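# A look at the structure
Given next are the chains, with one letter for each unit.
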Amino acid sequence: MIDQPEVSILGFLTLVVDGEHCLLVRQSWNPATPKTRNSRPTRKPTRSNYTRVHGEAAPAYLEYFQDHPDATILLDQRQSE
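This section reports on the structure supplied with the text. Only a predicted model underlies this, so the values are computations on that prediction, with no experimental measurement involved. (Residues numbered from 1 in each chain as written. Predicted model: local features only at pLDDT ≥ 70, side-chain atom pairs only at ≥ 80, totals over all residues. Heavy atoms only, no water.)

## Focus on the layout of surface pockets
The rolling of a water-molecule-sized probe over the atoms marks out the regions of remaining empty space. In this structure, the largest pocket occupies an estimated 1,500 Å³ of space. Lining of the largest pocket is provided by 34 residues; of these, Ile9, Leu10, Gly11, Phe65 and Leu75 occupy positions nearest its centre. Put simply, the parts of the chain that give the lining of the largest pocket at least two residues each are β1 (13-17) and β2 (20-24). Per-element tally for the lining of the largest pocket: the top contributor is β1, with 3 residues. Its residues placed into classes, the lining of the largest pocket shows 16 nonpolar, 11 polar and 7 charged. (1 Å grid on protein atoms, 1.4 Å probe; cavity = no way out; pocket = protein on both sides within 12 Å on 5 of 7 lines; lining within 4 Å. Points joined across faces, edges and corners; volume = space filled by probe spheres on them. Helix = DSSP H or I, 4+ residues; strand = E, 2+ residues; numbered from the N terminus. Nonpolar A, V, L, I, M, F, W, Y, C, P; charged D, E, K, R; others polar.)

Take a look at the structure:
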């Protein structure tokens with residue numbers, strides 16, 4: 001059992017192009033299912049990742065999820081994973 005009480009940011013970036021919403025997702029391979037790709041959110045850092053407690057670089061696109069002046073939040077809620 002893993003106890004991970006941290007809250008993560010799980011988010012997708014969208015952009016409207018010619019009136020159509022485009023969604024930025026990440027694609028990854030899962031070793032358990034090597035013939036399929038998994039779509040993942042644009043960003044999913046844990047609190048320790050986005051506060052950089054271990055000294056690593058900030059996760060890509062993080063600035064759009066933390067009070068970015070050009071960002072509009074469509075939905076903000078807590079959910080269990």
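Now, onward.
## Section: the pairing of β2
When you tally the buried positions in β2, you get 0 out of 5 residues, a small fraction of the element. Sheet analysis places β1 next to β2, joined by 5 bridges and oriented antiparallel. Counted as the bridge partner of Leu13 is Leu24 from β2. If you look at the hairpin formed by β1 and β2, you'll find 2 residues sitting between the two strands, and Asp18 has a positive phi there, around 50 degrees. (Buried < 20%, exposed > 50% of the residue type's maximum accessible area, 1.4 Å probe, protein only. Pairing = 2+ DSSP bridges.)

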